[in-house]
Amino acid sequence: PQPLGIPALGLSRFSAESAGWEMSTVQVRQAEDEEVGSLSRLVVSAFVKDDSQGFKRMSRAMLWVNVYLGMVDRLFTSSFVQGMSLALAPKVQDGTEMVWNSSNVDRSALHAIFTIDDDSGDGHGGVVELSCGPCRLPLNTRAYSTEQLPYISNLAVREDCRGRGFATALVHRCEQKALQWGFPEVFLDTNCDNKPALRLYHDRGYVTEMLDPPHQSPRKAYLRKRLGSSAPAHVADALSIEGEGNDFAVRFDTSSMYLMPESRLEQAFGPFAQLISALGFILGI
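Since we're looking at a predicted model, the values are computed, not measured.

## A closer look at the pairing of strand 9 (residues 207-211)
Here is step 1 of the chain: Of all 5 residues making up strand 9, 5 are buried, and the element is well covered by its neighbours.
Here is step 2 of the chain: In this sheet, strand 10 (residues 220-226) lies alongside strand 9 in antiparallel orientation, the contact comprising 4 bridges. By the bridge assignment, Leu211 is partnered in strand 10 with Ala221.

## Concerning helix 5 (residues 195-203)
Here is step 1 of the chain: Residues of helix 5 that are buried include every one of Ala197, Leu198, Arg199, Leu200 and Tyr201, and no others.
Here is step 2 of the chain: Count one or two residues on from helix 5 and you reach Gly205, which has phi positive near 95 degrees.

## Digging into the pattern of salt bridges
Here is step 1 of the chain: As enumerated under the stated definition, the model contains 16 salt bridges in all.
Here is step 2 of the chain: Where Arg142 meets Glu147, a salt bridge forms, and the shortest distance between an N and an O atom there is 3.5 Å.
Here is step 3 of the chain: Residue class for Arg142 comes out buried when judged on its relative accessible area of 7%.
Here is step 4 of the chain: Judged by its relative accessible area of 39%, Glu147 is partly exposed.
Here is step 5 of the chain: A salt bridge links Glu175 to Arg204; its shortest N-O distance comes to 2.7 Å. Of this pair, Glu175 sits in helix 4 (residues 166-181) while Arg204 sits in the loop between helix 5 and strand 9; the two residues are 29 residues apart in sequence, bridging distant segments of the chain.
Here is step 6 of the chain: What you see here is one network of salt bridges that share partners, running through Arg142, Glu147, Glu185, Glu209 and Arg224.

Each value, and the rule that gives it
- Residues numbered from 1 in each chain as written.
- Predicted model: local features only at pLDDT ≥ 70, side-chain atom pairs only at ≥ 80, totals over all residues.
- Heavy atoms only, no water.
- Buried < 20%, exposed > 50% of the residue type's maximum accessible area, 1.4 Å probe, protein only.
- Helix = DSSP H or I, 4+ residues; strand = E, 2+ residues; numbered from the N terminus.
- Pairing = 2+ DSSP bridges.
- Salt bridge = Lys/Arg side-chain N within 4 Å of Asp/Glu carboxyl O.

The structure is reproduced here in structure tokens:
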């Protein structure tokens with residue numbers, strides 16, 4: 001189903017010339033429900049090699065199940081909630097016919113998966129997922145917010161398709177969709193050691209507004225991009241990139257920490273916060 005009754009845009013043609021690629025266009029389309037299985041495998045293969053053995057092979061299988069079930073759950077929730085919202089929404093007069101009043105649709109259920117078909121015919125060349133979730137960026141104005149905003153996740157490009165602008169085109173399509181949904185911003189997170197992803201997002205105007213504490217594993221960076229003037233202003237970028245091409249270094253401002261508002265224990269005791277909390281519970285403190 002199309003969110004808010006908006007018709008599908010079909011193929012989105014994104015010019016890659018400004019991004020530094022020689023190719024003329026990359027075609028991004030919205031994925032079909034039956035493609036979730038193959039697309040979830042693509043996500044996993046982007047992070048775990050297919051030739052892994054033993055425990056790593058088992059971990060890879062468990063990761064695929066987790067990614068697949070997550071995608072299916074979000075698809076089902078989106079379809080069900082939107083269907084119920086539209087069924088219960090009052091109809092309004094539009095010209096000569098009655099149409100759904102889409103203003104009552106629950107925007108937290110908005111969801112889309114985009115993919116790029118590889119020209120060689122080997123299947124999907126890339127995938128990305130766009131859903132809505134609670135955004136706490138920037139922390140100075142949204143520390144306790146439950147506002148639902150577009151969230152980019154599961155961005156993956158097949159290894160032999162990298163360097164062709166697929167990731168840039170997929171992210172660009174998510175930004176287009178967020179604007180179509182009526183949102184002036186998008187947000188995401190990625191591991192702090194994922195240098196290519198950090199470079200991609202940084203080059204596209206995403207600002208790293210929070211970081212996990214250094215002891216967190218895996219440590220994540222939390223980024224947001226303003227797509228319109230009505231979105232809250234960015235705080236100082238915690239990420240800086242030094243160098244050009246493939247030879248670059250990533251630097252973080254260590255004063256930018258992502259701490260839950262109630263997590264004074266973590267701020268004081270770092271990796272020992274959970275132990276201190278457990279002892280306090282046992283002692284009744």
